[in-house]
Amino acid sequence: MIDPGSFRDPSGHIFYKKNKVYRVVNNSYKKHYDHLMNSGLYDALIEENLLVSHIDTFDNKLDNNQYKILELDKIPFISYPYEWSFNQFKDSVLLTLKMQLVCIKFGMTLKDATPFNVQFKNNKPIFIDTLSFEHIDEENYVWKPYKQFCEMFLGPLCLMSYRDPTLNKLLINYINGVPLKLINELLPFKSKFNLSIFSHLVLHNLIKEGGAKKIKNKKPLIISKSKHLNIINQLISFVENIKLPGFGSEWGEYNEETVIEKKGYVVNKKNTINSFLNSKKYDLIWDVGSNDGLFSRI
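The paragraphs below set out a description of the structure included in this document. (Residues numbered from 1 in each chain as written. Predicted model: local features only at pLDDT ≥ 70, side-chain atom pairs only at ≥ 80, totals over all residues. Heavy atoms only, no water.)

Along the protein, the regular secondary structure elements total eleven helices and eight strands. Evaluated residue by residue, the protein yields a buried proportion of 41% over its 298 residues. Within the protein, counting contacts between residues at least 6 apart in sequence, those at least 24 apart form 70% of the total. Within the structure as shown, the protein displays about 17,900 Å² of accessible surface, and the carbon and sulfur contribution to it stands at 54%. (Helix = DSSP H or I, 4+ residues; strand = E, 2+ residues; numbered from the N terminus. Buried < 20%, exposed > 50% of the residue type's maximum accessible area, 1.4 Å probe, protein only. Contact = heavy atoms within 4.5 Å. Areas by Shrake-Rupley, 256 points an atom, 1.4 Å probe, with all protein chains shown as cover.)

As structure tokens, this is what we get:
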């Protein structure tokens, strides 16, 4: 069965067979895939647990358009960016930026910058799209998905931090990214004095809107490797320091209050959960309505 979410990528697609996950690599992606594997980039990303692993397989017949069929390490639980907590979303941004730094060392770049390429395994973010890597030609380090990064990663994260932690749900309606114009309308005026927000979101939007009519005869932008690395490192530094402000929640102190008021109930519940865990080994446990995560941590 072909994954309906991967039909748009001309480089290949995902399909499922006998409870296994496979990725087709098309001939059009051969050059980039070979560089990913032969340059050492794939090994470096796997060693740092940044990218989902794969093995070549010949269990499935190739057609004339296909170069490889890969069996992927299966992610046990699929989640979506609009479901994530603030810290999960922040971790996905940092994963993508750190992957870009590693890519540059091996002469490659990420051609996509979307949180839909990220999943969580053992509570840590991992990149799942093996076809998102592109060989850098002619020493031009312009990051092609920079606008996509701002609309799908940076903008929503800033909205979560400065306006409301649930605003990642905008990605339900804006599946290709929250428009820069809307991001700027929603961000508090005071936040725009932050140099990173002004540079990547405010000024970026002004240039985009002002330059839309002057696109003809525009010379291609060229960025050096050192300037590109400076931009990525600056973004990492900014994102690492973004925090979620404190806000009142009906459930924030729920477990603490319950321990004080109903200590016996909490002890009994812990014992009940431990009895489940001791009686059977579970590959996946989902705590629905976890409050502050007390029982999840058990």
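On the surface, F276, L277, Y282, I285 and I298 cluster together to form a nonpolar patch covering roughly 460 Å² of accessible area. The topology assignment puts F276 in helix α10 (residues 263–279). (Patch = residues over 30% accessible without salt bridge, like charges linked within 9 Å, V, L, I, M, F, W, Y side chains within 5 Å. Salt bridge = Lys/Arg side-chain N within 4 Å of Asp/Glu carboxyl O.)

Now for the packing of aromatic side chains. This model, assessed by the stated rule, comprises twelve aromatic pairs. With a centroid separation of 5.8 Å and 5° between ring planes, the pair formed by Y80 and Y82 is classed as stacked. On the accessibility criterion, Y80 (36% relative accessible area) is partly exposed. In textbook terms, an aromatic cluster arises when at least three aromatic residues are bridged by ring pairs, as seen for W84, F89, F120, W143, F149 and F153. (Phe/Tyr/Trp six-rings, centres within 6.5 Å; stacked < 30°, edge-to-face > 60°.)

Attention now goes to the pairing of strand β4 (residues 66–72). β4 sits mainly inside the fold: five of its seven residues count as buried. Strand direction decides the pairing type here: strand β2 (residues 20–26) and β4, joined by six bridges, are antiparallel. The partner of R23 across the bridge, within β4, is L70. Two elements, strand β3 (residues 54–56) and β4, share three bridges in a ladder whose sense is antiparallel. What sits directly across from H54, in β4, is L72. (Pairing = 2+ DSSP bridges.)

Here the focus is the sheet that holds β2. Pairing in this open sheet of four strands is antiparallel, and the strands run β1-β2-β4-β3 from one edge to the other. In the strand order of this sheet, the two ends are held by β1 (12–17) and β3, each with one partner. For this sheet, the mean angle separating the axes of adjacent strands, direction not counted, is 30°. Pairing of β1 with β2 involves six bridges; the strand directions are antiparallel. Residue pairing in the sheet places H13 in a bridge with V24 of β2. Packed onto the sheet, helix α1 (residues 30–38) meets β2, β3 and β4 and runs at close to 45° relative to β4. (Axes fitted to C-alpha atoms, helices over the stretch in contact; angles between N-to-C directions.)

Moving on, we get to the side chain of Q119. Among the structural elements, Q119 can be located in strand β6 (residues 118–121). Within polar-contact distance, the side chain of Q119 engages the backbone oxygen of S79 at 2.8 Å. If we ignore the near neighbours within four places in the chain, the residues touching Q119 are I75, F77, I78, S79, K124, P125, I126 and I128. (Polar contact = N/O pair within 3.5 Å; in protein donor to acceptor, adjacent residues only side chain to side chain.)

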